[in-house]
Amino acid sequence: MIYLDYSATTPVDEEVLMRYVHVERHAFGNANSKHCAGVRALSEVTEATNSIAKLLNVLPEEIIYTSCASEANNLAIKGCALKHPHKKHIITSVLEHSSVVAPLYYLQQNDYLVDMVELDEHGRYDLNHLQSMIRDDTLMITLVAVDSETGIRQPIEEVAEIARSKGVLLHCDITQALGKCPIDVRDIDLFSCSAHKIYGPKGIGMLVKKKSVSLVPMIHGGRSTTVFRSGTPQNALICAFARAVELAYWHMDTRAARVKELRTYLVKELSGFDKISINSNEFAIDQILNISVKGIDSDEWVSNFSSKGICISARSACSGKENFSKSVYAITKDHGLATSSLRISLSHLTTMDQLRAFLDVLEDFLKEMGD
Amino acid sequence: MKLIVISAIWCPACLIMSKRVKEALLKFPDWAFVKLDLDMDEDEANQWNPGKTLPVFIVLDESGKEIRRVIGELSKDRLIKDVFHG
């Protein structure tokens, strides 16, 4: 199998897995118990949390562990809405993950007003438009840091400055950015991410919430590692997540350099095919390359590649059954390109041989198409 | 006349259009309106062969016959023109 869908999920790093197994075996106690097993578990969880906090430049008490980034997104949006019921206006974009769109849809059915910030010709947020949209009753701006389909890195630090100057909360889904590109989270009030996108296990994510921000929990049940999300602390998952974050940060430069090399090769080769348009632009992170083959059905081609043992995707794995890429349309304004897009997502684990094999299969498909 | 809208809560275009449809329906108080969620009302929604682009606007005449279908995000004006006036 040739796996080129690292933005959907990643395989667990062996070291992360070992950390998980070690903690599950040796620190399985309830971290809220007062006996020695609990103390041992709490010590592991605290050490892991401190490590994540240090690397992300946040406070340990600002970290709220969740089951995934989707839960973190829901907690941030609905939790803040419940806490500030007099503010009924929220700003977002068409690039958001389904776990941001869905709670907003829910809120809109309950008398909230949701507005979308426009994108500029590069597929990035139009900051002037954003600034003009903010009203007295704007509760929150919720925007993604890196678009999961095109990989375009958004000017989230500038968005944070605008939000701060206007006194509006900023929530940011940094799932596709974490560990892949530098991101300054200092002025972001709340941000969400998950472990499985950075070679960690599935089943854990987190919402980082600035101390000064308050929200209503979605799961009520008493104190866990925080009062904002009840449930017995997931010791092993937390420690594995911490190890994945550590590895991602410690090796960010070398991993990024490797991916850049792979991407440069891939772009050069793809540029040789007339029928292929490259949608990801100069603002995209190296790990995500979005292309279109006009005239094809993306989903059909994903199946065709899969039949040859190659895993790529048409869109974000969570974008449901829709076959239209809003992200690609935002950049290209071309319906044909938006319905024929393919996402190739690279990793430091990807090899040149794998890319060559992918290109060979692509060439065969294009030939068949021509015939 | 009857308007059936097939949408999904995870779809940004559906989020945008739900507000516009709500506003438009105020101008057409005689129209019956049914909203189907592609996931929650799966069986009923699939009876209308919604395809892959959301939302789907299906207009039925008095006899229940489909007379037009429009898909995707539309401006407020196009919604009125293409869906309600046809």
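The rules behind the values
- Residues numbered from 1 in each chain as written.
- Chains lettered and ligands numbered in written order.
- Predicted model: local features only at pLDDT ≥ 70, side-chain atom pairs only at ≥ 80, totals over all residues.
- Helix = DSSP H or I, 4+ residues; strand = E, 2+ residues; numbered from the N terminus.
- Rg over C-alpha atoms; globule rule 2.2 N^0.38 Å.
- Buried ≥ 20, exposed ≤ 12 C-beta atoms within 10 Å, placed from the backbone.
- Contact = placed C-beta atoms within 7 Å.
- Nonpolar A, V, L, I, M, F, W, Y, C, P; charged D, E, K, R; others polar.
- Axes fitted to C-alpha atoms, helices over the stretch in contact; angles between N-to-C directions.
- Parallel < 35°, antiparallel > 145°, perpendicular 65-115°, else oblique.
- Left-handed = near helix turned anticlockwise from the far one by under 90°.
- Pairing = 2+ DSSP bridges.
- Domains from an automatic or database assignment.
- Core = buried A, V, L, I, M, F, W, Y, C linked by C-beta atoms within 7 Å.
- Expected span 1.5 Å × (residues − 1).

1. Section: the overall build of chain B
- Scanning chain B for helices and strands turns up 3 helices and 4 strands.
- Helices and strands appear in chain B in the N-to-C order β-α-β-α-β-β-α.
- Taking 86 residues into account, the globule formula puts the C-alpha radius of gyration at 12 Å, and chain B, at 12 Å, falls close to it.
- If one aligns the C-alpha atoms of chain B with their principal axes, the spans along those axes are about 30 × 30 × 15 Å.
- Buried residues in chain B amount to 33% of all 86 residues.

2. A closer look at the overall build of chain A
- Assigned secondary structure in chain A consists of 12 helices and 12 strands.
- For chain A, the C-alpha radius of gyration of 21 Å lies close to 21 Å, the compact-globule estimate for 371 residues.
- Scored against the burial criterion, the 371 residues of chain A give a buried share of 50%.
- Taking all contacts inside chain A whose residues are at least 6 apart in sequence as the whole, residues at least 24 apart take part in 71%.

3. Examining the interface of chain B and chain A
- Taken together, the contact pairs 12 residues of chain B with 18 residues of chain A.
- Classifying every residue of the side of chain B that touches chain A gives 8 nonpolar, 2 polar and 2 charged.

4. Some details on the packing of helix α2 (residues 36-56) of chain A against helix α7 (residues 235-250) of chain A
Residue and element names in this part refer to chain A.
- For the pair α2 and α7, interaxial distance at closest approach is 9 Å and the crossing angle is 30°. Comparing their axes, α7 and α2 come out roughly parallel. Between α2 and α7 the crossing geometry is left-handed. In this structure, α2 uses A41, E44, V45, A48, T49, S51, I52 and L55 to contact α7, whose residues at the interface are N235, I238, C239, A242, V245, E246 and Y249.
- Of the residues that constitute the contact of α2 with α7, the class distribution is 10 nonpolar, 3 polar and 2 charged.

5. Things to note about the sheet that holds strand β2 (residues 32-37) of chain B
All names here are of chain B.
- Here 4 strands make up an open sheet; going across it, the order is β2-β1-β3-β4 and the pairing mixed. Looking at the sheet topology across the chains shown, the edges are occupied by β2 and β4 (66-71). Strand after strand, the sheet turns through a mean of 15° between neighbouring axes, direction not considered.
- Sheet topology note: the strand β1 (residues 2-7)/strand β3 (residues 56-60) ladder contains 5 bridges and is antiparallel. Bridging across to β3, L3 finds its partner in V59.

6. Section: the domain arrangement of chain A
Residues and elements named next belong to chain A.
- As far as domains go, chain A holds domain 1 (2-9 + 251-370) and domain 2 (14-250).
- For domain 1 versus domain 2, the distance between C-alpha centres works out to 27 Å.
- Tallying the contact residues gives 26 residues for domain 1 and 28 residues for domain 2.
- For the side of domain 1 that touches domain 2, the secondary structure elements donating two or more residues are β10 (288-293) and α10 (326-332).
- Among the elements that line the side of domain 1 that touches domain 2, the one with the most residues is α10, at 5 residues.
- Here the side of domain 1 that touches domain 2 is built from residues that sort into 10 nonpolar, 13 polar and 3 charged.

7. Things to note about the packing of helix α8 (residues 252-270) of chain A against helix α12 (residues 352-370) of chain A
All names here are of chain A.
- Running from amino to carboxyl end, α8 crosses α12 at an angle of 20°, the nearest separation of the two axes being 11 Å. One way to sum up the angle between α8 and α12 is to call them roughly parallel. Relative to α12, α8 is oriented so that their crossing is right-handed. Contacts between α8 and α12 pair L262, Y265, L266 and E269 from the former with M352, L355 and L359 from the latter.

8. Some thoughts on the nonpolar core
Residue and element names in this part refer to chain A.
- L104, V159, I238, A240, F241 and A244 are the most contacted members of the largest nonpolar core, which has 130 residues in total.
- If one sorts the elements of this core by residue count, α7 sits on top with 10 residues.
- Two domains each put at least three residues into this core: domain 1 (2-9 + 251-370) and domain 2 (14-250).
- Look past the residues within four positions of I238 in its chain and what remains in contact with it is V45, A48, T49, Y65, I204 and P233.

9. Regarding the pairing of β3(B)
- Among the 5 residues of β3(B), 4 are classified as buried, and the element is accordingly described as predominantly covered.
- Where β3(B) folds back onto β4(B) in an antiparallel hairpin, the turn is made up of 5 residues, including B:G64, whose phi is positive at roughly 90°.

10. Observations concerning helix α1 (residues 12-27) of chain B
- Compared with the 22 Å implied by 1.5 Å per residue over 16 residues, the 24 Å span of α1(B) between its first and last C-alpha is a close match.
- Among all positions in α1(B), only B:P12, B:A13, B:C14, B:L15, B:M17, B:S18 and B:V21 are buried.
- The elements touched by buried residues of α1(B) are α4 (98-108), β4 (113-116) and α10 of chain A together with β1 and α3 (76-85) of chain B.

11. Brief notes about unusual backbone geometry
- The peptide bond linking B:L54 to B:P55 adopts the cis configuration, its omega dihedral lying at -10°.
- For B:P55, the position within the fold is in the loop between α2 (42-46) and β3.
- Notably, A:N57 is not glycine yet its phi reads approximately 65°, a positive angle.
- Looking at where A:N57 falls in the secondary structure, it is placed in the loop between α2 and β2 (63-66).
- Exposure remark for A:N57: the 10 C-beta atoms within 10 Å place this residue in the exposed category.
- With a phi angle near 70°, A:Y199 is a residue other than glycine that sits in the positive phi range.
- Here A:Y199 shows up in the loop between β7 (190-194) and β8 (205-209).
- For A:Y199, a count of 26 C-beta atoms within 10 Å puts it in the buried group.

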